[in-house]
Amino acid sequence: MKRTNRVNVCLATTVIAAVVVFSGQASAQVPVVQPGAPGKPSRELSESERPKAVASKHSPADTKFMQGMIGHHAQAVEMVDLLKTRTKREDMRMLGMRIEVSQNDEIKMMRLWLQNRGESIPSEHAHHLPGGTMPGMLTPEEMEKLRVAKGAEFDRLFLQGMIRHHGGALTMVQELMSSPGAMQEAEIHDFATHVDADQRMEILRMNTMLKGIKK
Amino acid sequence: MKKQSIWIGCVVAGLFVWAAEGGAQQVQQPGQDPRVGLKAGATDAGVAARNMELVATLPKPPGFGDATGTGGLAFANSDIAFKGGNMFIGGFAGFNFYDIEDPRKIRLRTSVPCPGGQGDLSVFGNLLFMSVEQGNGRVDCGTQGVTGAPNAPSPERFRGVRIFDISDINKPVQVAAVQTCRGSHTHSLVPNPKDPSMIYVYGSGTGGVRSDKELEGCSSGDPNADPNTALFSIDVIAVPIKNPAAAKIVSRPRIFADTQTGAIAGLWPGGAHGEGTQRTSTTNQCHDITVYPELGLAAGACSGNGILLDISDPVNPKRLSEVSDINFAYWHSATFNNDGTKVIFTDEWGGGTSPRCRETDLPSWGANAIFEIRDKKMIFRSYYKLPAAQTDFENCVAHNGSLIPVPGRDIKAQAWYQGGVSVFDFTDATRPVEIAFFDRGPVFADKLVTAGYWSTYWYNGFIYGSEIARGVDVFELKPSEFLSANEIAAAKLVQMNEFNAQSQPKMSWPQVPVVARAYMDQLTRSKSLKPEQATALNDALTAVERANAADRAAAVAALDALLPALEKQGGSANPIDAARYRAMVATLRGFAAK
């Protein structure tokens, strides 16, 4: 068997291309050991006791959170779209860029999360529909007011709106954290934790910017 | 055990065609990096490699997720620890032990379900340490998750550092579970030179602070208002080796404090550094700390800063200096060079789940920053980023790696998630150079899943990769213009009984001919040693090796006669070569004296 698993290499050129395929050893021979709490013995699991998937599943609350957050994020991106043509401030433009990049990345991630778990993916425009609104979101009237505002007035309305919008995301995280069985799955745990930390920091920053505008 | 290997040769003209399982094909344009445009696939992705070869691979064990990665982070493989002929691979779902006695024929030994993420592991003697931070971690390692709401206090929940007794490698037993306020994202083992009966653990928590109703004394308060806040610290856990069940937190040092005012939140406050700069996270946590016990130093990659710590008193680490960087988003991990004169910090821009090695991503963002250490201060010298563009569907950013012990050089093997593994030389801190790589195509051609290498570490002659979705890979370096057979052989002489990348050991080399020849190759490569000098020296060394007892003295004298000239030559060489001359001459004299 010596060197049968070797991949040949062409050192003369810059490239090798190879695929090593192993079928894997028969799993039955390998012990699966379930530890207990400290001080308790570990136990070798029988074939039938072995978990098919060693991971906690996502809950309906997790799914609802992700579905709701897609529309929530989508409105933030719409607000930033307005900002691009209406603000004169460089720091506002940078804030907008940051929000756009992070929220678009996160929308992609949330859609993929739902897709990979066989859950339905809402349209990014679902928040325009009756009942599609989430905590902190601007009403159609408020969005219209923002759309027609200019200069410092726009900056003020944008910051006030975005602070409330981000605050809504924090409310959504709190609701999730109060739902039994939620956040047991690794990705939703990390994502919700990240949204909480990230938006808290952004709110602090926007509050500082808002003070600067009110002067 | 069924194995098969498929390989397709190379076309020297610079154009190459490859085929993988299933006969998929692809053509590369001349001059393009072979890592660009690799075919996607969970188990049959296209592969490009240079100067290293894949010698073994194993998929993840049953129950730990499949190679597609679609189960998500919950099934991700994470960090690696080594002991003797064993490799321990942690993960979000638990951990797995591998027999690596024969690195070309590794085999799974034991599977241990114990969810909680990230599941980073370290080993010390018969104790295995595991980081747990997520809300589903249970005290009893159960896989059913924690009952109730995430913010409801639960006696079932475990977030912190678990300790297992692995004296029976086939049946690890949990002996302690030290709860911490933020859980443990990573941890580092710190031996105490003054007290070998204790081992210390630096726990780095990056998660939310839990309620004091679940764990007494936990507060997420503003550091200006609450001096007991669990933010802005690390957890120092003392573990009596003979009685690990008595492990407990002994300090939460304020290593970010302002040296003048003593304010707890003394370092980077978070945010950008000005127009066009990166937005750097707040320094209220360390992501990872790499300790170097022999030097009494630690390098903390602490969210918004890189910090250097004096750990001569492990319970009370003291900050010596700190650096910030306008291109860093998140200070993630650190690696010293063997002399402790340099430190590499990594920036995990995008958190590791995002594609950050695209053609459009700046080479100074999501990269390594290489610093020289002088008088306990860190001086920036250069960035190093994976030099091959990856797709939108490959999470890629700087991640974990370890040194390859080639004497006379600083070389690191580093994981870049789906960007593969990159081996690079940073002997000249201002000019890091890639010397070997291995990369697979994305898992999917049209969607991003979290996969790729979490860690790639050198251990006793081989590079081991923990692939988040696909399992475990083992690599061997191949000689090339960048690294000679002698240098690889010299690196293989460094044998460790245990290895934890975050607890860096001082490496040294025996005074044997191949080590001297490694230096000779380096000095020849840098054109400091003339070819005829190298030949004469090599011949003289060979003569000593081959000499019988009767004529050894004469051969040694002939070799010795060459050395003063070399010492003189070394005296006028650049500092890097000068050190090589000194080490080479010392090695030759040491060998000759045997």
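Residues numbered from 1 in each chain as written. Chains lettered and ligands numbered in written order. Predicted model: local features only at pLDDT ≥ 70, side-chain atom pairs only at ≥ 80, totals over all residues. Heavy atoms only, no water.

With respect to the overall build of chain A
Under the convention used in this document: Runs of H or I in DSSP of at least four residues are treated as helices and runs of E of at least two as strands, each being numbered from the N terminus. For the exposure calls, accessible area comes from a 1.4 Å probe over protein chains only, and a residue counts as buried if that area is under 20% of its type's maximum, exposed if over 50%, partly exposed in between. Methods summary: accessible areas were calculated by the Shrake-Rupley approach with a probe of 1.4 Å, and residue burial reflects only the protein chains presented.
Secondary structure summary: chain A contains five helices and three strands in total. Secondary structure elements of chain A, listed N to C terminal, follow the sequence β-β-β-α-α-α-α-α. For chain A, with 215 residues in total, the buried portion stands at 51%. Only carbon and sulfur atoms are counted for the fraction: they give 58% of the accessible area of chain A, which is about 10300 Å².

With respect to helix 2 (residues 513–525) of chain B
Residues and elements named next belong to chain B. Note the threshold: What a helix is expected to span follows from its residue count: subtract one and scale by 1.5 Å. The contact criterion used throughout is that any non-hydrogen atoms of two residues lie within 4.5 Å.
When the terminal C-alpha atoms of helix 2 are compared, their 18 Å separation across 13 residues agrees well with the 18 Å that a helix rising 1.5 Å per residue should span. The set of residues buried in helix 2 consists of Pro513, Val514, Val515, Ala516, Arg517, Ala518, Tyr519, Met520, Gln522 and Leu523. Against the buried residues of helix 2 lie helix 1 (485–492), helix 3 (531–546) and helix 5 (575–593). The positive-phi residue at the C-terminal boundary of helix 2 is Lys527, with phi of around 65°.

Topic: empty space enclosed by the protein
Regions of empty space are outlined by a rolling probe, equal in size to a water molecule, passed over the atoms. Residues and elements named next belong to chain B. Note the following rule: Every definition here rests on a 1 Å grid over the protein atoms only: cavities are sets of points where a 1.4 Å probe fits but cannot get out, pockets are open sets enclosed by protein on both sides within 12 Å along at least five of seven lines, and lining residues have some atom within 4 Å of a point. Grid points are joined across faces, edges and corners, and a volume is the space filled by probe spheres set on the points.
If you walk through the whole model with that rule in mind, you get eight cavities of 30 Å³ or more. Taken as a whole, the largest cavity holds about 170 Å³ of empty space. Lining the largest cavity are 21 residues; nearest its centre among them are Thr335, Gly401, Ser402, Leu403 and Ala501. Of all the secondary-structure elements, those providing two or more residues to the lining of the largest cavity are strand 20 (288–292), strand 24 (331–336), strand 28 (400–403) and strand 32 (453–459).

A short note on the pairing of strand 31 (residues 433–440) of chain B
Residue and element names in this part refer to chain B. Put simply, the test is: Any two strands between which DSSP finds at least two bridges are classified as paired.
By the criterion of burial, strand 31 is predominantly enclosed, with seven of the eight residues buried. The pairing of strand 4 (residues 47–50) with strand 31 spans four bridges and is antiparallel. Opposite Arg50, over in strand 31, you have Phe437 as the bridge partner. Bridge count for strand 30 (residues 421–425) against strand 31 is five bridges, and the pairing is antiparallel. Its bridge partner lying in strand 31, Val421 is registered against Phe438.

Here we look at the side chain of Asp62(A)
As for its placement among the helices and strands, Asp62(A) is situated in helix 1 (residues 60–86). The contacts of Asp62(A), once residues within four sequence positions are left out, are Trp113(A), Leu176(A), Gly181(A), Ala182(A), Met183(A) and Ile188(A).

Topic: the confidence of the model for chain A
Residue and element names in this part refer to chain A. Selection rule: A residue's pLDDT is the predictor's confidence in that residue, given on a scale from 0 to 100.
Mean pLDDT over chain A stands at 83; residues scoring 70 or higher make up 83%. Within chain A, the lowest mean pLDDT, 41, falls on strand 1 (residues 17–22), and the highest, 97, falls on strand 2 (residues 33–34). Note that pLDDT drops below 50 for residues 1–24; the model gives that stretch 72 contacts with residues more than four away or on any other chain.

Thoughts on the layout of surface pockets
Residues and elements named next belong to chain B. The following threshold applies: Domain start and stop positions are those given by an automatic or database domain assignment.
Its boundaries defined by the atoms lining it, the second largest pocket holds a volume of some 640 Å³. Around the second largest pocket, the lining comprises 32 residues; the ones closest to its centre are Asp339, Gly408, Arg409, Asp410 and Ala579. For the lining of the second largest pocket, the secondary-structure elements that each account for two or more residues are strand 26 (368–374), helix 2 and helix 5. When residues of the lining of the second largest pocket are assigned to domains, at least three map to each of domain 1 (47–500) and domain 2 (513–593).

Digging into the packing of aromatic side chains
Residues and elements named next belong to chain B. Threshold: Only Phe, Tyr and Trp rings take part, Trp by its six-membered ring, and two of them pair if their centres are within 6.5 Å. Stacked means planes under 30 degrees apart, edge-to-face means over 60, and tilted covers everything else.
Inspection of every chain in the model, using the stated rule, returns 23 aromatic pairs over all chains. Ring centres of Trp331 and Phe371 lie 6.1 Å apart, and the angle between their planes is 35°; on these two criteria the pair is classed as tilted. Placement of Trp331 in strand 24 and of Phe371 in strand 26 is noted, with a sequence separation of 40 residues between them. Considered together, Trp331 and Phe371 belong to a single accessibility category, that of buried residues. Between the aromatic rings of Phe438 and Phe475, the centroid separation amounts to 4.8 Å while the plane-to-plane angle is 55°, which identifies the pairing as tilted.

Examining the domain arrangement of chain B
Residue and element names in this part refer to chain B. Our working rule: Buried area: the accessible area, evaluated with a 1.4 Å probe, that two parts lose upon being put together, summed over both parts. Whenever a carboxyl oxygen of Asp or Glu lies within 4 Å of a side-chain nitrogen of Lys or Arg, that contact is scored as a salt bridge.
Taken as a whole, chain B is organised into domain 1 (47–500) and domain 2 (513–593). Using only C-alpha atoms to locate each centre, domain 1 and domain 2 end up separated by 39 Å. Contacts between domain 1 and domain 2 engage 15 residues on the former and 10 residues on the latter. Contact between domain 1 and domain 2 buries roughly 930 Å² in total, counting both sides, with carbon and sulfur atoms accounting for 59%. Run the count over domain 1 and domain 2 and you get one salt bridge.

Thoughts on the sheet that holds strand 26 of chain B
Residue and element names in this part refer to chain B. Which entries qualify depends on this criterion: Where helices are involved, their axes are fitted lines through C-alpha atoms of the stretch in contact, as for all axes, and angles between N-to-C directions lie from 0 to 180°.
Read from one edge to the other, the open sheet built from four strands follows the order 24-25-26-27, with strand pairing classed as antiparallel. Pairing within the sheet leaves two strands with one partner each, and these edge strands are strand 24 and strand 27 (377–384). Here the average twist between neighbouring strands, direction ignored, is 25°. Note that strand 24 and strand 25 (residues 342–347) share five bridges and pair antiparallel. Across the sheet, residue Ala334 finds its bridge partner in strand 25, namely Phe345.

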